[in-house]
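Residue strings, one per chain:
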Amino acid sequence: QVQLVESGGGLVQAGGSLTLSCAASGTIFSVEDMGWYRQVPGKERELVAGIRRGGSANYADFVKGRFTISRDNTQNTVYLQMNSLKPEDTAVYYCNARIVTTGFLRYERDYWGQGTQVTVSS
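Residues numbered from 1 in each chain as written. Predicted model: local features only at pLDDT ≥ 70, side-chain atom pairs only at ≥ 80, totals over all residues. Heavy atoms only, no water.

1. What to know about the overall build of the protein chain
Summing up its helical and strand segments, the protein chain has 0 helices and 11 strands in all. Element order for the protein chain, N to C, with α for helix and β for strand: β-β-β-β-β-β-β-β-β-β-β. Scaling as 2.2 N^0.38, a compact globule of 122 residues should have a C-alpha radius of gyration of about 14 Å, and the protein chain matches this with 14 Å. Put simply, the protein chain has 122 residues, and 40% of those count as buried. Of the contacts formed within the protein chain by residues at least 6 apart in sequence, a portion of 56% connects residues at least 24 apart. For the protein chain, the exposed surface amounts to about 6,600 Å²; the carbon and sulfur share of it is 48%. Computed over 12 positive and 11 negative side-chain charges, the separation of the two mean positions in the protein chain equals 2 Å. (Helix = DSSP H or I, 4+ residues; strand = E, 2+ residues; numbered from the N terminus. Rg over C-alpha atoms; globule rule 2.2 N^0.38 Å. Buried < 20%, exposed > 50% of the residue type's maximum accessible area, 1.4 Å probe, protein only. Contact = heavy atoms within 4.5 Å. Areas by Shrake-Rupley, 256 points an atom, 1.4 Å probe, with all protein chains shown as cover. Lys, Arg positive; Asp, Glu negative; His and termini not counted. Charge placed at Lys NZ, Arg CZ, Asp CG, Glu CD.)

Right, dumping it as structure tokens:
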């Protein structure tokens, strides 16, 4: 089937930077929208940034000017460059991708990465 594998999380001081990556693999016909979400204990998962297959992107207000989402369609990979990190950015970050699988059905659904912890100290 399809799986999304995330990497790049870690511990960083306030004002620092991290880059997250998420690679989709498996029986993929096409990868449509991709995005990054984050979640902290006791709160709802929230959209951080999204990017369409053609490259147009949108960002949550709290990351505009600090984060950049990009993708490499040849590798089915989405990235999140995070700059000027703040303690309130601390969360588990999840990759999301809407994927059409191969085969007769060409089934389209959302897939999630396993999550990667980002901790910003102050």
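2. What about the pairing of strand 3 (residues 18-26)?
Of the strand pairs in this sheet, strand 1 (residues 2-7) and strand 3 are connected by 6 bridges, and their pairing is antiparallel. Across the sheet, the residue bridging to serine 7 is serine 21, located in strand 3. Relative to strand 8 (residues 77-82), strand 3 runs antiparallel, the two sharing 6 bridges. Of the residues in strand 8, the one forming a bridge with leucine 20 is leucine 80. (Pairing = 2+ DSSP bridges.)

3. Some points on the state of the cysteines
Throughout the structure, instances matching the rule amount to 1 disulfide. One disulfide bridge connects cysteine 22 with cysteine 95, the sulfur atoms lying 2.1 Å from each other. With the S-S dihedral at roughly -80 degrees, the linkage between cysteine 22 and cysteine 95 falls on the left-handed side. You can see cysteine 22 sitting in strand 3 and its partner cysteine 95 sitting in strand 9 (residues 91-101), a full 73 residues away along the chain. Both residues of the pair, cysteine 22 and cysteine 95, count as buried. (Disulfide = S-S within 2.5 Å.)

4. With respect to the pattern of salt bridges
Within this structure, the stated rule accounts for 7 salt bridges. Among the ionic pairs, glutamate 32 bridges to arginine 53, the shortest N-O distance being 3.2 Å. One end of the pair, glutamate 32, is in strand 4 (residues 28-39); the other, arginine 53, is in the loop between strand 5 (46-51) and strand 6 (57-59), with 21 residues separating them in the sequence. We classify arginine 53 as partly exposed; its relative accessible area is 44%. Here glutamate 46 and arginine 38 are joined by a salt bridge, their closest N and O atoms 3.0 Å apart. The class of glutamate 46 is partly exposed, set by a relative accessible area of 33%. When its relative accessible area of 6% is taken as the criterion, arginine 38 is described as buried. (Salt bridge = Lys/Arg side-chain N within 4 Å of Asp/Glu carboxyl O.)

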